[in-house]
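Residue-level structure breakdown
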Amino acid sequence: MGFGLAINFALWGYPTTIYDLDDQILAKTIQRVKKALDMFATEDLISRRRSEETFERIAFTSDIENLADADFITEAIVERLFDKQELFNHLDKICKSQTIIASNTSTLRMGDIAEGVKRQDKVVLTHYFTPPHIVPGVEVAKGPGTTDETFNLTYDLLKNVRKTPVRVLKDFIIPELPGYLLNTMQRALEGAAYRLWAEGVASAEDIDLGIKASFGFRNPHEGPFMHADFSAHFKWPADVQDRQVKRTLAMPGLSEEARERLRKRFADGVGTWFIDPNKFEEAEEMRDRQYARRLKELYWGKLD
Ligand SMILES: NC(=O)c1ccc[n+]([C@@H]2O[C@H](COP(=O)([O-])OP(=O)(O)OC[C@H]3O[C@@H](n4cnc5c(N)ncnc54)[C@H](O)[C@@H]3O)[C@@H](O)[C@H]2O)c1
């Protein structure tokens with residue numbers, strides 16, 4: 001992940017350093033960075049000049065002391081608590097007091113990773129999605145001591161490098177789906193996929209194909225809330241809406257507070273989340289145009 005994170009920042013003008021354990025690993029990383037930037041240029045995402053300038057903005061080191069002056073560090077080492085704790089504590093000692101230290105952990109808690117670190121106000125989670133130099137979304141979450149200033153600065157920095165930061169507001173884990181916000185949902189989907197495959201309901205090929213060709217096809221433009229709007233749940237008769245609401249409220253493990261929040265949300269009929277019901281047809285037409293473009297690009301090509 002680290003090589004891709006570095007590309008994100010260097011691409012938008014930030015001098016960036018990649019630190020790893022030894023020079024042999026770094027030699028491979030240099031090649032990965034070059035290859036990724038070359039691909040961006042051949043795909044016409046960036047100019048050849050920008051690709052070269054970006055590479056020149058990235059330094060490579062196996063000496064951690066070279067990070068002491070960094071303003072912002074993102075840790076993306078092995079997913080092992082002890083190693084991350086050791087690194088965070090080392091960086092805490094050598095870095096200037098303003099340095100923000102972020103972790104790209106997928107499953108560990110920020111509070112645990114930063115145990116013993118003095119600058120609790122300046123640690124933060126930024127969780128990327130592979131390939132991290134391409135996928136725009138990044139989750140941003142606080143540790144127990146993270147200040148609003150650090151959180152907002154991190155959020156703004158990600159915006160500056162044209163990522164799409166998503167704020168995680170609470171340290172909340174569903175035990176059987178460990179992860180932050182988005183991995184929780186991804187794991188629920190993966191769990192269902194593995195189960196349906198194991199039960200013999202469909203082959204692995206058909207499960208993947210079905211997802212890509214159905215809700216995966218729609219996902220670039222809608223999540224579950226926008227989908228509820230576009231499926232026009234708000235137009236359903238009251239008794240049908242009521243059935244849906246009851247199913248949602250029956251979710252296992254839902255806290256009483258969350259149940260109450262849902263009850264309130266549904267109190268006056270399901271309602272829309274985003275789309276003004278008076279502009280529904282207009283929104284639907286826009287959506288269909290976007291889908292038609294994707295149908296052409298991914299499935300049909302141009303028909304005569
Ligand atoms: N791979 C993914 O899809 C993905 C997605 C989101 C988050 N993450 C998280 O990002 C982190 C890295 O994942 P990855 O897949 O890139 O792992 P990786 O094993 O490919 O890379 C880890 C790198 O860290 C280096 N390293 C290990 N210990 C180190 C130390 N003590 N000091 C300095 N460098 C050290 C290794 O040499 C290696 O180059 C993990 O926390 C992982 O959970 C991974």
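Worth saying up front: this structure is predicted, and the values here are computed from it rather than measured.

1. Description of the domain arrangement of the protein
Once the domains are mapped, the protein shows domain 1 (2-168), domain 2 (176-213) and domain 3 (219-300). Of note, the centres of domain 1 and domain 2, computed from C-alpha atoms alone, are 29 Å apart. Counting from both sides, the interface comprises 8 residues of domain 1 and, opposite them, 6 residues of domain 2. Of all the secondary-structure elements, those providing two or more residues to the side of domain 1 that touches domain 2 are strand E6 (137-142) and strand E7 (164-168). Per-element accounting of the side of domain 1 that touches domain 2 gives the leading share, 3 residues, to E6. Grouping the amino acids of the side of domain 1 that touches domain 2 by side-chain chemistry returns 3 nonpolar, 4 polar and 1 charged.

2. Points about unusual backbone geometry
In this structure, Pro 131 follows Thr 130 across a cis peptide bond, with omega equal to -5 degrees. Structurally, Pro 131 is set in the loop between strand E5 (123-128) and E6. For Asp 44, which is not glycine, the phi dihedral falls at a positive 65 degrees. When you line up the elements, Asp 44 lands in the loop between helix H2 (23-42) and helix H3 (48-56). Despite not being glycine, Ala 232 has its phi angle at roughly 60 degrees, a positive value. Here Ala 232 is to be found in the loop between helix H10 (224-230) and helix H11 (238-249).

3. A closer look at the site of the ligand
Close to the ligand lie 17 residues; Met 1, Ile 77, Glu 79, Ser 106 and Thr 130 are nearest. Counting residues per element, the ones that place at least two in the shell around the ligand are helix H4 (81-94) and E5. Split by residue class, the shell around the ligand holds 8 nonpolar, 6 polar and 3 charged.

Conventions used here
Residues numbered from 1 in each chain as written. Predicted model: local features only at pLDDT ≥ 70, side-chain atom pairs only at ≥ 80, totals over all residues. Domains from an automatic or database assignment. Contact = placed C-beta atoms within 7 Å. Helix = DSSP H or I, 4+ residues; strand = E, 2+ residues; numbered from the N terminus. Nonpolar A, V, L, I, M, F, W, Y, C, P; charged D, E, K, R; others polar. Near = placed C-beta within 6 Å.

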